[in-house]
Amino acid sequence: MRKVLIFGNSASGKSTLAKELVETDKLAHLDLDILACLPTDPPERTPLDVAKGKILEFTHQNNSWVIEGCYTDLLEMASSEASEIIFMNLSVSQCIENAKLRPWEPHKYKSKEEQDRNLSMLIEWIKNYRERKDCFSHSSHQNFYDQFEGKKSIFTSNCKNT
């Protein structure tokens, strides 16, 4: 049973890798973006106890799974169940390029145009990855990686062999 957590900066390739694992290894998939925030304007974080309940429900209903996102506080809720973690530790410039090339994500945006209107904000968010000190930051991701005692990998590009 493979149970994988994938994390990293926005546009680092987490969702793309997760989708590959879904196809190749037949894993159930949970994108933390869909449960991390309430559907409010502006978005507000889902209470942690509610998010934890949804994460644990997912992990207990599926024998093999992949969970991906940038939320270290949510990833920690599944870490005791995970068989491995993958840190998508791409450069900021690679993530910005990925963001510019990102296909429409209909589970996040009503249209490609709406997604594109958000691009400049996303690029600024990506640029601040190494300076932030929150649960979405490089330091938080590095600490999560360092403390995990199971199988772990770091990808520095979107190619699996690096």
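For the structure, see preceding data.
Read on for a plain summary of the structure. (Residues numbered from 1 in each chain as written. Predicted model: local features only at pLDDT ≥ 70, side-chain atom pairs only at ≥ 80, totals over all residues. Heavy atoms only, no water.)

Okay, the pairing of strand β1 (residues 3–8) next. Taking burial as the measure, the six residues of β1 include six buried ones, the bulk of the element. Neither face of β1 is exposed, since Lys3, Leu5 and Phe7 on one face and Val4, Ile6 and Gly8 on the opposite face are all buried. The pairing of β1 with strand β5 (residues 65–68) spans four bridges and is parallel. Residue pairing across strands places Lys3 opposite Trp65, the latter belonging to β5. As paired elements, β1 and strand β6 (residues 84–88) share five bridges and run parallel to each other. Bridge pairing in β6 places Phe7 opposite Phe87. (Buried < 20%, exposed > 50% of the residue type's maximum accessible area, 1.4 Å probe, protein only. Helix = DSSP H or I, 4+ residues; strand = E, 2+ residues; numbered from the N terminus. Pairing = 2+ DSSP bridges.)

With that settled, consider the sheet that holds β1. Taken in spatial order, the five strands of this open sheet run β2-β5-β1-β6-β7, and their pairing is parallel. Of all strands in the sheet, those bounded by a partner on one side alone are β2 (28–31) and β7 (151–155). For this sheet the average axis-to-axis angle between neighbouring strands, irrespective of direction, equals 15°. The strands that helix α3 (residues 48–61) touches are β2 and β5; relative to β5, the one it contacts most, it runs at about 155°. Lying on the sheet, helix α8 (residues 138–147) is in contact with β1, β6 and β7; it crosses β6 at an angle near 150°. (Axes fitted to C-alpha atoms, helices over the stretch in contact; angles between N-to-C directions. Contact = heavy atoms within 4.5 Å.)

The tally for this structure, following the rule as stated, stands at six aromatic pairs. Taking the centre distance of 6.1 Å and the plane angle of 45° together, the rings of Phe87 and Tyr145 count as tilted. Here the residue Phe87 occupies a position in strand β6, and Tyr145 occupies one in helix α8, the gap between them amounting to 58 residues. Phe87 sits in the buried class, given a relative accessible area of 0%. A residue is classified by how much of its surface remains accessible, and Tyr145, at 13% relative accessible area, is buried. Through a chain of ring-to-ring contacts, the aromatic side chains of Phe7, Phe87, Phe144 and Tyr145 assemble into a single cluster. Just above the ring of Trp125 sits the side chain of Arg132; from NZ or CZ to the centre is 3.8 Å. Over the face of the ring belonging to Tyr145 we find Lys152, whose NZ or CZ atom lies 4.8 Å from the ring centre. (Phe/Tyr/Trp six-rings, centres within 6.5 Å; stacked < 30°, edge-to-face > 60°. Lys NZ or Arg CZ within 6 Å of the ring centre and 35° of its normal.)

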